[in-house]
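# Fold and contact review
Below, each chain spelled out in residue letters.
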Amino acid sequence: MTEHRPEDAIAPEAMEPSRAETRPGGLGLADDLVMALRFFSRLPTGNSPHQKPELNRIAMALPLASVVIGIGPALLLIGGGLIGLPAYFAAALAVAAMVMVSGAMAEDALADAADGLFGGHSVARRLEIMKDSRHGTYGVAALCLFLMLRVSGLGAIAAFNPLAAGAIWLAAGIVGRSGALWLAVALPAARSDGVSATAGTVRGRSFGVGAVFAVVLLFVLAAPATNLVALGFALVAALVVIAGWSALCRRLVGGQTGDLIGALGALVEIAVLCALLPFA
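Residues numbered from 1 in each chain as written. Predicted model: local features only at pLDDT ≥ 70, side-chain atom pairs only at ≥ 80, totals over all residues. Heavy atoms only, no water.

## Digging into the side chain of R191
Residue placement: R191 occurs in the loop between α9 (182–186) and α10 (195–199). At 3.2 Å, the side chain of R191 forms a polar contact with the backbone oxygen of L127. (Helix = DSSP H or I, 4+ residues; strand = E, 2+ residues; numbered from the N terminus. Polar contact = N/O pair within 3.5 Å; in protein donor to acceptor, adjacent residues only side chain to side chain.)

## A look at the confidence of the model for the protein
Averaged over the protein, the pLDDT score is 88; the fraction of residues at 70 or greater is 89%. Counting interchain partners and residues more than four positions distant, the pLDDT-below-50 stretch residues 1–25 has 57 contacts. (pLDDT = per-residue confidence, 0-100. Contact = heavy atoms within 4.5 Å.)

## Digging into the environment of G204
Structurally, G204 is set in helix α11 (residues 204–222). Between the C-alpha atom of G204 and that of A186, which follows or precedes it by 18 residues, the distance is 8.8 Å.

## Considerations on a nonpolar patch on the surface
A cluster of nonpolar side chains, L29, L64, V212, F213, V216 and V220, forms an exposed patch at the surface whose accessible area comes to about 510 Å². Broken down by element, the nonpolar patch gets its largest block of residues, 4 residues, from α11. Looking at the secondary structure, you find V216 in helix α11. (Patch = residues over 30% accessible without salt bridge, like charges linked within 9 Å, V, L, I, M, F, W, Y side chains within 5 Å. Areas by Shrake-Rupley, 256 points an atom, 1.4 Å probe, with all protein chains shown as cover. Salt bridge = Lys/Arg side-chain N within 4 Å of Asp/Glu carboxyl O.)

## Considerations on the packing of aromatic side chains
As enumerated under the stated definition, the model contains 4 aromatic pairs in all. Ring centres of W182 and F207 lie 5.4 Å apart, and the angle between their planes is 55 degrees; this geometry places the pair in the tilted category. Separated by 25 residues along the polypeptide, W182 in helix α9 and F207 in helix α11 bring together distant segments of the chain. Classification of W182 as partly exposed rests on a relative accessible area of 34%. In this structure F207 comes out as buried when scored by relative accessible area, which is 15%. (Phe/Tyr/Trp six-rings, centres within 6.5 Å; stacked < 30°, edge-to-face > 60°. Buried < 20%, exposed > 50% of the residue type's maximum accessible area, 1.4 Å probe, protein only.)

## Considerations on the pattern of salt bridges
Going through the model one piece at a time under the given rule, you end up with 6 salt bridges. The salt bridge involving E107 is made with R150; its shortest N-O contact spans 2.8 Å. Of the two residues, E107 is situated in helix α5 (residues 105–119) and R150 in helix α7 (residues 137–158); the sequence distance between them amounts to 43 residues. Summarising the burial analysis for this pair, E107 and R150 share the class buried.

## Some words on the packing of α7 against helix α8 (residues 162–180)
The geometry of α7 relative to α8 is characterised by a closest axis approach of 7 Å and an angle of 140 degrees between their N-to-C directions. Put simply, α7 runs oblique to α8. Between α7 and α8, the contacting residues are R150, L154, I157 and A158 on the first element and P162, A164, A165, I168 and W169 on the second. Taken together, the residues that form the contact of α7 with α8 break down as 8 nonpolar, no polar and 1 charged. (Axes fitted to C-alpha atoms, helices over the stretch in contact; angles between N-to-C directions. Parallel < 35°, antiparallel > 145°, perpendicular 65-115°, else oblique. Nonpolar A, V, L, I, M, F, W, Y, C, P; charged D, E, K, R; others polar.)

## A short note on α8
Here α8 is 19 residues long and its end C-alpha atoms lie 27 Å apart, about the 27 Å a rise of 1.5 Å per residue gives. Of all 19 residues in α8, 18 are buried; the element is thus mostly enclosed. Regarding α8, its N-cap is N161, as a side-chain oxygen of that residue lies 3.2 Å from the backbone nitrogen of L163 further along. (Expected span 1.5 Å × (residues − 1).)

Spelled out as structure tokens, the structure:
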């Protein structure tokens, strides 16, 4: 069973700047937003020249980029519920749309990370497995469980309130993507090649700005459908998953990779959904 790897979802020109023109400057929020969308999605972003991805620039624009990435699938979930589609069917359609919009980056990263971390017995072997595009038992199990949790969680909320389901999912995705970049702050690249090493590290200030923006959007989107206690639980759940995954990555591979960052984004999204589900 094979899947494209996260770097396949990035335009070749972006990964190989020598093959693309580079605009002088290009340091505004709009440029960072385009860079984030090209890195994390397959959405069209115009014909402007591709720039080498820089996670430090992406970090501050990522909450806004996550809104752009997630709004279509969220609206599909809401619309499906409002027109009378069964809640779990609407949730499955919306999740399928998200997979297409994002290029299945989170799904592929989670599968590779599960195979590598739990299928290898040394740092070198774990990194080798993660680099392999084929998925093993751990990876397939992690991928299936992630999709099942997404669909069942969203379907459960949509059965009562489709609008709340869409808003909560959008908020969870924002927190997941932004929170996952903590790995690029806390840990060095585990290998010299790959997406994470190419895109560089994230400075604490850039991560902090993006994280604050993500938390604000979490409150704006999810508060009307839940309450402050629920949002507090969601933030605690996100922090626990981030801290635990960071410790696991440090212990098992001594650093971070693009797969490990992408996998953390998926795990934080599910953690936020789980924390908000009882209150929705």
